Amino acid sequence: MRLLVVEDDFALSEVLVYSLRQVGYAVDRVVDGIAADTLLRHERFDLIVLDLSLPKLDGLDVLRRFRAQGFATPVMILSARDADDERVQGLDSGADDYMVKPFSINELEARVRALLRRSTYTNSPRMRHGRLAFDTVSRTVTIDDVTLDLSAREVSLLEALFVHFGQIVSKERLLEQVYGYEGDVGLNTIEVYIHRLRKKIAGSGVSLRTIHGRGYVLETEDARTSRLPAKIENVVASNLGT
């Protein structure tokens, strides 16, 4: 999951980015309203954590502009403005949640998980395909209730594939979901993680397939075996323009 933190307090934003990355999210950060407004016009995120008292453009104006473009991405306001009418104004402007500073980082993480469940998964915190299950609360992956030993990056990558189960996800999209703008990371890094994940989910009834030139798809082994041979499938796909 790719998150955006919009917060001008450097120390607080450092805590937010570090904590959210520690639990496996790809997190980007901007420090003023104009930068946030510009970024949100060109990039897509799964959730936004938004301060209100921002330099250059107030957070409420950022939110209103964002919603005016028709985007439904969940937005959590994080603000010292604690009056009832200010909370109501924030929610009525399009926020999905409103937390008042100071706050508990554990509560913030729980609210992030809840918002992501509503928008991305289902109301259930647990996704299952075959014998493979992903728990969005504990951020653990199991086969027949046996927890797999996965790194935070591997969990994030598998989560992105789980959310788009049965659909092709490009390397570029996976790189964004796992790393955001963090560091100088090449596409070959995704290939390394895919190789590792294939080994770790073997025997789960789910396979991770490469679609050459297009990306990867997580699917049940039954679905894979019922497909056309790969060479024929690629010819059909190219003729259909997909």
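The structure under discussion appears in the preceding block.
Scope of this entry: the structure provided in the associated data block.

1. What to know about the overall build of the protein chain
Thought 1: Helix and strand counts for the protein chain stand at 10 helices and 11 strands.
Thought 2: Counting across all 242 residues of the protein chain, residues that qualify as buried make up 47%.
Thought 3: A separation threshold of at least 6 residues defines the contact pool for the protein chain, and within that pool the share at least 24 residues apart is 55%.
Thought 4: Accessible surface, the protein chain as shown: approximately 11800 Å² in total, 51% of it carbon and sulfur.

2. Focus: the nonpolar core
Burial of nonpolar side chains together is a common tendency in soluble globular proteins.
Thought 1: Core analysis: the largest hydrophobic core is formed by 28 residues, its most contacted members being Leu132, Leu157, Leu158, Leu161, Leu174, Leu208 and Leu218.
Thought 2: Among the secondary structure elements, those contributing two or more residues to this core are strand 7 (132–135), strand 8 (140–143), helix 6 (152–163), helix 7 (171–179), helix 8 (187–200), strand 10 (206–211) and strand 11 (215–220).
Thought 3: With residues up to four places along the chain from it excluded, the contact list for leucine 132 reads Met127, Val141, Thr142, Ile143, Leu148, Phe162, Ile201, Ser204 and Val206.

3. Brief notes about the sheet that holds strand 5 (residues 97–100)
Within a sheet, neighbouring strands are paired by backbone hydrogen bonds and run either parallel or antiparallel to one another.
Thought 1: Spatially, the 5 strands line up as an open sheet ordered 2-1-3-4-5, and their pairing is parallel. Unpaired on one side and paired on the other, strand 2 (26–30) and strand 5 mark the two borders of the sheet. Within this sheet the neighbouring strands show an average axis-to-axis angle of 20°, counted without direction.
Thought 2: When strand 4 (residues 75–79) meets strand 5, the two strands line up parallel, connected through 4 bridges. Each bridged residue has a counterpart across the sheet, and for leucine 78 the counterpart in strand 5 is methionine 99.
Thought 3: Its contacts with the sheet place helix 5 (residues 105–119) against strand 1 (2–6), strand 3 (47–50), strand 4 and strand 5, and it is angled at close to 175° to strand 5.

4. As for helix 7
Thought 1: Residues of helix 7 that are buried include every one of Leu174, Leu175, Gln177, Val178 and Tyr179, and no others. For helix 7, the buried positions fall inside an angular range of 165° around the axis, keeping them on one side.
Thought 2: Along its buried surface, helix 7 packs onto strand 1, strand 2, helix 6, helix 8 and strand 11.
Thought 3: Count one or two residues on from helix 7 and you reach glycine 180, which has phi positive near 60°.

5. Topic: the pairing of strand 5
Thought 1: The side-chain alternation of strand 5 yields two buried faces, one formed by Asp97 and Met99 and the other by Tyr98 and Val100.
Thought 2: As a crossover connection, the stretch from strand 4 through helix 4 (residues 84–92) into strand 5 is right-handed.

6. Some words on the pattern of salt bridges
Thought 1: For the structure shown, the criterion picks out 21 salt bridges.
Thought 2: As a salt-bridge pair, glutamate 176 and arginine 173 come within 3.6 Å of each other at their nearest N and O atoms. Of this pair, glutamate 176 and arginine 173 both sit in helix 7, 3 residues apart, which is roughly one turn of the helix.
Thought 3: For arginine 173, a relative accessible area of 26% gives the class partly exposed.

7. Here we look at the packing of aromatic side chains
In this description, a pair of aromatic rings is defined by centroid distance and the angle of the planes.
Thought 1: One pass over the structure, following the stated rule, counts 3 aromatic pairs.
Thought 2: Aromatic side chains phenylalanine 134 and phenylalanine 162 sit 5.9 Å apart centroid to centroid with 45° between the ring planes, which places their arrangement in the tilted category. Linking phenylalanine 134 in strand 7 with phenylalanine 162 in helix 6, this pair joins segments that are 28 residues apart in sequence.
Thought 3: One aromatic cluster is present, built from ring pairs that chain together Phe134, Phe162 and Phe165.
Thought 4: Over the ring of tyrosine 25 we find arginine 139, and its NZ or CZ is 4.6 Å from the ring centre.

8. Some details on unusual backbone geometry
Thought 1: Each neighbour pair has its own omega, and for lysine 101 with proline 102 the value is -5°, a cis peptide bond.
Thought 2: Within the fold, proline 102 resides in the loop between strand 5 and helix 5.
Thought 3: Positive phi outside glycine occurs at arginine 139, with the angle close to 55°.
Thought 4: When you line up the elements, arginine 139 lands in the loop between strand 7 and strand 8.
Thought 5: By relative accessible area, arginine 139 is classed as buried at 10%.

9. Focus: helix 2 (residues 33–42)
Thought 1: All of the buried residues along helix 2 are Gly33, Ala36, Asp37, Leu39 and Leu40.
Thought 2: Measuring from the side-chain oxygen of the N-cap residue of helix 2 to the backbone nitrogen of isoleucine 34 gives 3.0 Å; that N-cap residue is aspartate 32.

Cut-off values and rules
Residues numbered from 1 in each chain as written. Predicted model: local features only at pLDDT ≥ 70, side-chain atom pairs only at ≥ 80, totals over all residues. Heavy atoms only, no water. Helix = DSSP H or I, 4+ residues; strand = E, 2+ residues; numbered from the N terminus. Buried < 20%, exposed > 50% of the residue type's maximum accessible area, 1.4 Å probe, protein only. Contact = heavy atoms within 4.5 Å. Areas by Shrake-Rupley, 256 points an atom, 1.4 Å probe, with all protein chains shown as cover. Core = buried A, V, L, I, M, F, W, Y, C linked by side-chain atoms within 4.5 Å. Pairing = 2+ DSSP bridges. Axes fitted to C-alpha atoms, helices over the stretch in contact; angles between N-to-C directions. Arc of directions from axis to C-beta. Right-handed = clockwise from strand over helix to strand, strands pointing away. Salt bridge = Lys/Arg side-chain N within 4 Å of Asp/Glu carboxyl O. Phe/Tyr/Trp six-rings, centres within 6.5 Å; stacked < 30°, edge-to-face > 60°. Lys NZ or Arg CZ within 6 Å of the ring centre and 35° of its normal. Polar contact = N/O pair within 3.5 Å; in protein donor to acceptor, adjacent residues only side chain to side chain.

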